[in-house]
Amino acid sequence: HSMDLSRFHSMDPNLLVGVVNTALRNDYESLEDLCLTHDISSEELVQRLASGGYEFRSEQQQFR
């Protein structure tokens, strides 16, 4: 996976949401799987996206 999520804290949430949702759709079983693979905190990722008005929908496995 070429995507680098190590700097997600500084990414614009409106760009980040597309990157994360695409990764969840194409490459990962779950948010936890994505976060473990990239060695990032799911809580921090959720908070970063929440700052842009996005929330995780576990039914769809994506942020809306």
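These numbers come from a predicted model, not from an experiment.

## Notes on the side chain of Ser30
With respect to the helices and strands, the residue Ser30 is situated in the loop between helix H1 (13-26) and helix H2 (31-38). Once residues lying within four places of it in the same chain are set aside, the contact partners of Ser30 are Leu24 and Gln61.

## Some words on the nonpolar core
Of all hydrophobic cores here, the largest spans 16 residues; its most connected members are Leu5, Leu16, Val20, Leu34, Ile40, Leu45 and Phe63. Sorting the residues of this core by element identifies H1, H2 and helix H3 (42-50) as the ones contributing at least two each. Of the residues forming this core, the biggest block, 5 residues, is contributed by H1. When near neighbours in sequence (up to four residues on either side) are disregarded, Leu5 contacts Leu16, Val19, Val20, Leu34, His38 and Ile40.

## Digging into H2
Every α-helix carries 3.6 residues per turn, so stepping three or four residues along brings you back to the same face. Where H2 is concerned, the buried positions are Leu31, Leu34, Cys35 and His38. Down the axis, H2 shows its buried residues gathered within 95° of arc, on one side only. At its buried positions, H2 is contacted by H1, H3, strand S1 (56-57) and strand S2 (62-63). Just downstream of H2 lies Asp39, where phi reads positive at about 55°.

Rules of the game
- Residues numbered from 1 in each chain as written.
- Predicted model: local features only at pLDDT ≥ 70, side-chain atom pairs only at ≥ 80, totals over all residues.
- Heavy atoms only, no water.
- Helix = DSSP H or I, 4+ residues; strand = E, 2+ residues; numbered from the N terminus.
- Contact = heavy atoms within 4.5 Å.
- Core = buried A, V, L, I, M, F, W, Y, C linked by side-chain atoms within 4.5 Å.
- Buried < 20%, exposed > 50% of the residue type's maximum accessible area, 1.4 Å probe, protein only.
- Arc of directions from axis to C-beta.

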